[in-house]
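# Geometric and topological summary
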Amino acid sequence: MRPPIRVLLAKLGLDGHDRGIKVVASALRDAGMEVIYTGLWQTPEAIAAAAGDEDVDVIGISLLSGAHLTLVPRLLAVLEEQGFSDVPVIVGGIIPEEDTALLLARGVMKVFGPGTSTEDIVECIRRQAREHLVS
Amino acid sequence: MNSTMPSRESLGSLVENFRHGSRRALSRLITCLQDGYDSALIVPAMGPGDGRALKVGLTGSAGAGKSTLAAALIQQLRQANQSVAVLACDPASPLTGGALLGDRVRMQAAAVDASVFWRSLSTRGAAGGVSDSTAGITALMEQFGFDVILVETIGVGQDQLAVRGIVDVLVMVVTPASGDQIQWQKAGLLEVADIIIVNKADLPGADEAVGSLRDTLRVASPGRGNVVVLPAVATTGSGILEVWQAIEASYEQMGRRQTELPPKHELLR
């Protein structure tokens, strides 16, 4: 049997709105994944360190603060610096459409906005893990 | 990353990188052990480590404060310039196999520190309060060269004792109002713990809990009168220095006993 997919979920930056990420955490757990939740107020450096120690397949970031164009590219840069550029990053929260395109262009795998069904998130992560297995 | 087992060649390069102190190789090898690689194939290949780690188990019921105590101990140990690895277990769902590994939430202050390694583990259905791979992973962390390894069990109440055989010093964490003398006299963890911490000692009933635990150990548990019972408030750091001193004292005592007597804990299972 294939071991469970490991996902790191983190709130990036000064943003205390964690209801969404907790709903996602439960949905991924119920889908059979191992969810490592870091909690609030994470820096890019802390998220990269956690992703490394925890050897995760995917990183899920939640932002509702509006700071995504500053913080997410910084996170991607730190991940690259530390040799974790192969770990895909998914972003969720309040991200305007025009910013979504910018984040995808910077290397974010997927952006999920309000109204996303948890099934879509589960499916996206599973597909990613399967592809990783083949590659 | 973790969804694929490494081939023999890449396992070889992982071992090589591990020997050169690669933290990522350590992390990757932990995944291999957790995913079912035989630790007998990996751990001896590393050769002897630089030293010996003090391995401390943290056990007790869900919500007693094990992770918060681990975070407080990390701060204490970092002040003394000791490196620390934490292995924090949380339960897997018996229905889906999934798990919410939430112990990291408690360690905010220590989040980025090259001398602190923190790994969250699902028990993946194991019954003893820790993952089956815990002993192998602990050995791997020891070979990596950490000074102290903290092994945190899932929330357990009475008889999940698997961690006893893995660590040098076992700390049981309880809270005020979590039991009376009869509760403490029941068989299980209290028979094998070296130190008992009454955490959240700023809550009412803490003094009574410390007193009744000490009394029970002295009066009703032959040979257990020297078990240390201490109050602490892990969220503020109150009492944590004393907890660490008790752990070190217990470790030294254990060393002395081992040279004089047969192994202290011969569990029946």
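Residues numbered from 1 in each chain as written. Chains lettered and ligands numbered in written order. Predicted model: local features only at pLDDT ≥ 70, side-chain atom pairs only at ≥ 80, totals over all residues. Heavy atoms only, no water.

A tally of helices and strands in chain A yields five helices and five strands. Reading chain A from its N end, one meets helices and strands in the order β-α-β-α-β-α-β-α-β-α. For 135 residues, the compact-globule formula gives about 14 Å, and the C-alpha radius of gyration of chain A, at 14 Å, lands near that figure. By its C-alpha atoms, chain A is 40 × 35 × 25 Å across when sized along the principal axes. Counting over 135 residues, chain A shows a buried share of 56%. In chain A, the share of contacts with a sequence separation of at least 24, taken over all contacts with a separation of at least 6, comes to 71%. Of the charged side chains in chain A, 12 are positive and 19 negative; the average position of the first set lies 5 Å away from that of the second. (Helix = DSSP H or I, 4+ residues; strand = E, 2+ residues; numbered from the N terminus. Rg over C-alpha atoms; globule rule 2.2 N^0.38 Å. Buried < 20%, exposed > 50% of the residue type's maximum accessible area, 1.4 Å probe, protein only. Contact = heavy atoms within 4.5 Å. Lys, Arg positive; Asp, Glu negative; His and termini not counted. Charge placed at Lys NZ, Arg CZ, Asp CG, Glu CD.)

Moving on: the sheet that holds strand β5 (residues 110–112) of chain A. Pairing is parallel in the open sheet, where six strands are placed in the order β5(A)-β4(A)-β3(A)-β1(A)-β2(A)-β3(B). The open sheet has two edge strands, β5 of chain A together with β3 (99–101) of chain B, and neither has a second partner. Pairs of neighbouring strands in the sheet enclose a mean axial angle of 20 degrees, with direction left out of account. Pairing of strand β4 (residues 89–93) of chain A with β5 of chain A, which is carried by three bridges, proceeds in the parallel orientation. (Pairing = 2+ DSSP bridges. Axes fitted to C-alpha atoms, helices over the stretch in contact; angles between N-to-C directions.)

The next point concerns the layout of surface pockets. All names here are of chain A. In this structure, the largest pocket occupies an estimated 430 Å³ of space. Residue lining of the largest pocket: 25 residues in total, with Gly 20, Val 24, Gly 92, Gly 93 and Ile 121 positioned closest to the centre. Among the secondary structure elements, those contributing two or more residues to the lining of the largest pocket are β1 (6–11), α1 (19–30), β3 (58–63), β4 and α5 (118–134). For the lining of the largest pocket, the element with the most residues is α1, which contributes five residues. For the lining of the largest pocket, the per-class residue count stands at 16 nonpolar, nine polar and no charged. (1 Å grid on protein atoms, 1.4 Å probe; cavity = no way out; pocket = protein on both sides within 12 Å on 5 of 7 lines; lining within 4 Å. Points joined across faces, edges and corners; volume = space filled by probe spheres on them. Nonpolar A, V, L, I, M, F, W, Y, C, P; charged D, E, K, R; others polar.)

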